[in-house]
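Take a look at the letters that make up each chain.
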Amino acid sequence: MQDPVLKRIFILAALVLGGWVIYLLMPVIAPFIAAFFLAYLINPLVARMAKYNMPRWLTISIVFLGIIVGVGIGTWYLAPMLWQQLRYALDNIPAAINWVNNNALPWLENNFNLDLERINTDELSAAIMEYVQTNYSANSVQQMVYRIAQSGLNIIHVGGLLVLIPIIAFYFLLDWNSMIRRLQLLIPRHYEPTVVQITRECHAVLGAFVKGQLLVMLLLGIVYAVGLQLIGVEVGLIIGLVAGLCSIIPYLGFAIGIIAAFAASLLQYGLDWVQLLLVLVVFMIGQAIEGYVLQPFLLGDKIGLSPVAVVFAVLAGAQLYGFVGMLVALPVAAVLVVLLRHAYHTYERSVFYMGYRQPASVKVPASSSELSETSITEQDVETHLTLQDDAPELGLHSPVLEHPANYSSSPLNHSSKHGNNGS
């Protein structure tokens, strides 16, 4: 006879040892995790192209090639303009410092009774050089060569990861369906329908959110960039694109964009209230388009979070994992909403909530009009069939629809069978 205490201690020790090994191997596991999520994001597009009856490796290659060509074309057209605006910004740094010393600081002193010290370019340059010499000094040729070699190795490592992650994602996609089926077979048979249902709902929420959010970021960046360029802001393209990318975090894109646009307008035109008002109009138009057009039509209520919950999720993610936590806060919150909804429904049906256990009984309807009183309603069947339509993208298969024995044992089918016999 096995001692249950020793068995639990052994299981706990095995879990701790496995977690420690995973922690040590995290630098090796991280590219595989990134490749898995990349494959997860690309798999719906691969699944949609599967209807053309092409080999899966060819479909995946076409998708990857399309992404590479799209990124290349975008870089080809945007890189020269971005470089030109970046050069303009760097060349105007001395003029910006002079404007701050001669205009901004005196205005603050006169209106708020402050005594502010002027920016000294010589002292600023000396401080920067001192910092560089302190942190990046090379006392000998050997140290310099070592630093250059170390930097080169870091660059090679990052470049290798950028090449390795798509390759691993390719192989994940190539074996995606069989991999998901093997994972599904690991689920205990009693819990498989529930786990598959929850997984499909999480997949539907994440897929809709990712596609909608990417389109919102792209379109909002275009709106900001075009608007700022039209009102004459020289670095409007850079500010618009950065504001659009930062829109993945709620309210961050608007805050960064409008502050940067105000600063650029002040440095370019001085204290021109008309120009500042035009900048404000551009961002108000962008917010109106986002709130009344992009969000309702592209995102809708995909996450199921109130604005207060969205702010809380972003702040909690920032507190736990910094900038990365802010990026993943909303997708994680969307998954948690699905899990909490199922946990709440389970709690409502629990003995602890009801206070007593109701005897299980199946009512045999006398006619088809009483089918709504059975334990499975038409709405449940419709919801199940809707989720079944999304199954090919994820690779999950319904144990209820695939196994006739499971379907025949459902209360709806059981009731219908007796109803037909009775008639």
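Residues numbered from 1 in each chain as written. Predicted model: local features only at pLDDT ≥ 70, side-chain atom pairs only at ≥ 80, totals over all residues. Heavy atoms only, no water.

Chemist: Sorry, what's going on with the overall build of the chain here?
Modeler: Within the chain, the regular secondary structure consists of 18 helices and 0 strands. Long-range pairs, those at least 24 residues apart, make up 67% of the contacts in the chain with a sequence separation of at least 6. (Helix = DSSP H or I, 4+ residues; strand = E, 2+ residues; numbered from the N terminus. Contact = heavy atoms within 4.5 Å.)

Chemist: Can you walk me through the side chain of Gln275 in this structure?
Modeler: Looking at the secondary structure, you find Gln275 in helix H11 (residues 273-299). At a separation of 2.8 Å, a polar atom in the side chain of Gln275 contacts the main-chain carbonyl oxygen of Ile231. Excluding anything up to four places from it in sequence, Gln275 contacts Ile231, Val233, Ser265 and Tyr269. (Polar contact = N/O pair within 3.5 Å; in protein donor to acceptor, adjacent residues only side chain to side chain.)

Chemist: Please explain the environment of Cys246 as it appears in this structure.
Modeler: You can see Cys246 is positioned in helix H9 (residues 236-246). We classify Cys246 as buried; its relative accessible area is 16%. Separated by 25 residues in sequence, Cys246 and Gly221 have C-alpha atoms that sit 9.2 Å apart. Other than its neighbours up to four places away in sequence, Cys246 contacts Leu252, Gly253 and Ile256. (Buried < 20%, exposed > 50% of the residue type's maximum accessible area, 1.4 Å probe, protein only.)

Chemist: I'm lost on the packing of aromatic side chains in this one. Help?
Modeler: What the rule picks out here adds up to 9 aromatic pairs. Between Phe254 and Phe283, the ring centres sit 6.1 Å apart and the planes meet at 75°, which makes this aromatic pair edge-to-face. With Phe254 in helix H10 (residues 252-269) and Phe283 in helix H11, this residue pair connects regions lying 29 residues apart in the sequence. These aromatic residues form a ring-pair network of at least three members: Phe36, Phe37, Phe172 and Trp176. (Phe/Tyr/Trp six-rings, centres within 6.5 Å; stacked < 30°, edge-to-face > 60°.)

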